[in-house]
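Here's the letter readout for the chains.
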Amino acid sequence: MANIQLENLVKAYGDEEVLHNVSGEIKDGELVVVVGPSGCGKSTLLRMIAGLETITSGNVSIGSQVVNDLEPAERDIAMVFQNYALYPHMSVRQNMAYGLKIRKIDKKEIDRRVNEAAEILSINEYLERKPRQLSGGQRQRVAMGRAIVRDPQVFLFDEPLSNLDAKLRVQMRLEIRKLQQRLNVTSIYVTHDQVEAMTLGDRLMVLNDGVVEQFGTPIELYDNPETMFVAGFIGSPSMNFIPAMSQKGSVILCNGTKISKLKNDNEAITVGIRPEHLEINEKGNVRVIVQMVEQLGATSLIHGVLEETTTDVSISIPGHVTSDIGSVLAFNVDHKNIHIFQSDTGKRIPQ
């Protein structure tokens, strides 16, 4: 096992720079999720760590060794891909054993490792089957088993669940988390799904256009997002953003409603409020015109616009809520649950 150190990593294709000075440390035994929208550089970063992409500048260290110039096979890593990458003509056992076989590991040791991994992943009964005889979830277990038998210093996961249906993704991410905790192997997991990121990671690295927006625990990113991008990306449903102004020490929403305090006056700002932090209250000062109500069972999701504006607002309410389209609901928001950002830079303003 080993920690991973990323130091000012840059990746450029010709004059086009796609990763900009990415830095951070993944601690020994930690699972870090790299999350962000499609095209932000997540998989490129993972491939640079794996040695599948050259590094334009900066360093990748695994343990105490800089691995920039090492071949992928020399980095003591194992990678699980999105498309499983199983050999269709080989059995499950042969697929799991193949990497060890070409490294000339003793046959008894190969059998021991394969059987042990199959036991961990509950795929013992499938060892003699071909990949075409397996479901998507079973194939993904085989791909993980092939990584486990390597007994590497580092696991790298490149969106391994994106080909599975929603129910199976939930089951598999739980299994991956339990597996990583059991094996205690330093791991980096790439996904565009923020719910997957929040449930899997010890810490999250949020990427946006090749830049690290924030690196911290899921709760740190949820409670104290450093930018509007992180605030809007982390959390489901997404945070509401309302144009506002700071005037005479008060935060005034775009419809004139005063909701909070701020030291700096005459500043164009954006107020962020999570849907679950708005509470129905007849005397509340945040008034929303209802456009649609989604009944989700345990919660109701109200969609509307802030009164006297065209600003969209979503509110998550526990239980069942019914309301007519076009009606006006009033909400309260606790000042401690308000996030304030600079409108021009998107940076958080301390309160």
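Counting of residues starts from 1 at the beginning of each chain's written sequence and follows it residue by residue. Totals for whole chains, interfaces and linings use every residue, but because this is a predicted model, local features are given only for residues with pLDDT of at least 70 and side-chain atom pairs only at 80 or more, for both listing and counting. Side-chain calculation: all heavy atoms of the structure are included, whereas hydrogens and water are not.

### Comments concerning the packing of helix α2 (residues 92–102) against helix α3 (residues 107–121)
For the pair α2 and α3, interaxial distance at closest approach is 10 Å and the crossing angle is 135°. On the basis of their axis angle, the class for α2 and α3 is oblique. As α2 runs across α3, the sense of the crossing is right-handed. Residues R93, M96, A97, L100 and K101 of α2 touch α3, and the partners they reach there are I110, D111, R113, V114, N115, A117 and A118. For the contact of α2 with α3, the class distribution of residues is 7 nonpolar, 1 polar and 4 charged. To get an axis, fit a line to the C-alpha atoms, keeping to the stretch in contact for a helix; angles then go from 0 to 180 degrees between the N-to-C directions. Helix and strand assignments follow DSSP, with helices taken as H or I runs no shorter than four residues and strands as E runs no shorter than two, numbered in order from the N terminus. What sets the label is the angle itself: under 35 degrees gives roughly parallel, over 145 gives roughly antiparallel, 65 to 115 gives roughly perpendicular, and the rest give oblique. What makes a crossing left-handed is the near helix being turned counterclockwise from the far one by less than a right angle; a clockwise turn instead makes it right-handed. By definition, residues are in contact when any of their heavy atoms lie within 4.5 Å. Three residue categories are used. Nonpolar comprises Ala, Val, Leu, Ile, Met, Phe, Trp, Tyr, Cys and Pro, charged comprises Asp, Glu, Lys and Arg, and polar comprises the others, including Gly.

### Examining the nonpolar core
In plain words, nonpolar cores are sets of buried Ala, Val, Leu, Ile, Met, Phe, Trp, Tyr and Cys residues tied together by side-chain atoms within 4.5 Å. Per-residue accessibility, obtained with a 1.4 Å probe over protein chains only, is compared with the maximum for each type, and a residue is labelled buried under 20%, exposed over 50%, and partly exposed between these values. Formed by 46 residues in total, the largest nonpolar core has its most connected members in V33, M96, I123, M144, Y189 and I234. One finds L9, I26, I62 and L207 within the second-largest nonpolar core, a separate group that totals 26 residues.

### Details of the packing of aromatic side chains
Paired rings are identified among Phe, Tyr and Trp, the last through its six-membered ring, by centres lying within 6.5 Å, and are further divided according to the angle between planes into stacked (under 30 degrees), edge-to-face (over 60) and tilted (the rest). Tallied over the full model, the rule gives 5 aromatic pairs. Each ring, one from F229 and one from F233, has its centre 5.6 Å from the other, and the planes form 15°; the classification is stacked. Taken together, the positions of F229 and F233, both in helix α8 (residues 228–233) and 4 residues apart, correspond to about one turn of that helix. Considering the side-chain rings of F241 and F341, the 6.1 Å spacing of their centres and the 70° angle between planes classify their relative orientation as edge-to-face. Placement of the pair is F241 in strand β11 (residues 240–247) and F341 in strand β20 (residues 338–342), with a sequence separation of 100 residues. Classification of F241 by relative accessible area gives partly exposed; the value is 23%. Put simply, the rings of F155, F157 and Y189 touch in pairs and so form one group of aromatic residues. By the criterion adopted, a ring carries a charge over it if an Arg CZ or a Lys NZ lies within 6 Å of its centre and within 35 degrees of its normal. The ring of F215 has R203 lying over it, and the distance from NZ or CZ to the ring centre is 4.3 Å. The cationic tip of R274 hangs over the ring face of Y222; the distance from NZ or CZ to the ring centre is 4.1 Å.

### Notes on the sheet that holds strand β1 (residues 4–13)
Strands qualify as paired when DSSP identifies two bridges or more between them. The strand order across the open sheet built from 4 strands is β2-β1-β4-β5, with neighbouring strands paired in antiparallel fashion. Each edge of the open sheet is held by one strand with a lone partner, namely β2 (16–26) and β5 (65–66). Where strand β4 (residues 57–62) and β5 come together, 2 bridges link them in antiparallel fashion. If you follow S61 over to β5, its bridge partner there is V66. Lying on the sheet, helix α1 (residues 42–50) is in contact with β1, β2 and β4; it crosses β1 at an angle near 115°.

### A look at α1
Judged by how many residues are buried, α1 sits mostly within the fold: 7 of 9 residues are covered. Listed as buried for α1 are K42, T44, L45, L46, M48, I49 and A50. Positive backbone phi, at 95°, marks G51, one or two positions downstream of α1.

### Considering unusual backbone geometry
Negative phi values dominate among residues other than glycine, just as trans dominates among peptide bonds. In the segment running from S236 into P237, the intervening peptide bond is cis, with an omega of 0°. With respect to the secondary-structure elements, P237 resides in the loop between α8 and β11. With a phi close to 60°, S122 is a non-glycine residue in the positive phi region. For S122, the position within the fold is in the loop between α3 and α4 (136–148). The backbone of E308 sits at a positive phi, close to 70°, despite the residue not being glycine. Residue position: E308 is located in the loop between β17 (299–306) and β18 (312–318).

### Describing the environment of Q247
Looking at where Q247 falls in the secondary structure, it is placed in strand β11. Along the backbone, Q247 and D334 are 87 residues apart, and their C-alpha atoms lie at a distance of 20 Å.

### Things to note about a nonpolar patch on the surface
In this scheme, patches are assembled from residues that exceed 30% relative accessible area and form no salt bridge. Like charges are connected within 9 Å, while nonpolar side chains (Val, Leu, Ile, Met, Phe, Trp, Tyr) are connected within 5 Å. For accessible areas, the Shrake-Rupley method is used with a probe of radius 1.4 Å. Any residue's cover is judged against the shown protein chains and nothing else. By convention in these notes, a salt bridge is any Lys or Arg side-chain nitrogen within 4 Å of a carboxyl oxygen on Asp or Glu. The grouping of Y87, Y98 and I102 at the surface amounts to a nonpolar patch, some 280 Å² of accessible area in total. Relative to the helices and strands, Y98 resides in helix α2. Given the relative accessible area of 30%, Y98 is considered partly exposed.

### Overview of the sheet that holds strand β19 (residues 328–333)
The sheet built from 5 strands is open, its strands ordered β15-β19-β16-β17-β18 with antiparallel pairing. Each edge of the sheet is formed by a strand with only one pairing partner; in this case those strands are β15 (278–280) and β18. Going from strand to strand, the sheet's axes swing by 50° on average, the running direction of each strand aside. Note: β17 against β18, 7 bridges, orientation antiparallel. By the bridge assignment for β18, G304 is matched with V313.

### Focus: the side chain of N255
Position of N255 among the secondary structure elements: in the loop between β12 (250–253) and β13 (258–261). A polar contact is formed between the side chain of N255 and the backbone oxygen of E307, at a distance of 3.2 Å. Filtering out sequence-adjacent residues up to four positions away, N255 remains in contact with L306, E307, E308 and T309. Polar contact criterion, stated in full: a pair of N or O atoms within 3.5 Å, where within protein one must be able to donate a hydrogen and the other to accept it, and residues adjacent in sequence count only if both atoms are side-chain atoms.

### So, the pattern of salt bridges
Counted under the stated rule, the structure contains 11 salt bridges. Between R112 and E116 there is a salt bridge, with the nearest N and O atoms lying 3.3 Å from each other. Remark: E116 and R112 occur in helix α3; sequence separation between them is 4 residues, near one turn of the helix. Residue R112 is classed as partly exposed on the basis of its relative accessible area, which comes to 41%. Residue R141 pairs with E175 through a salt bridge whose shortest N-O separation is 2.8 Å.

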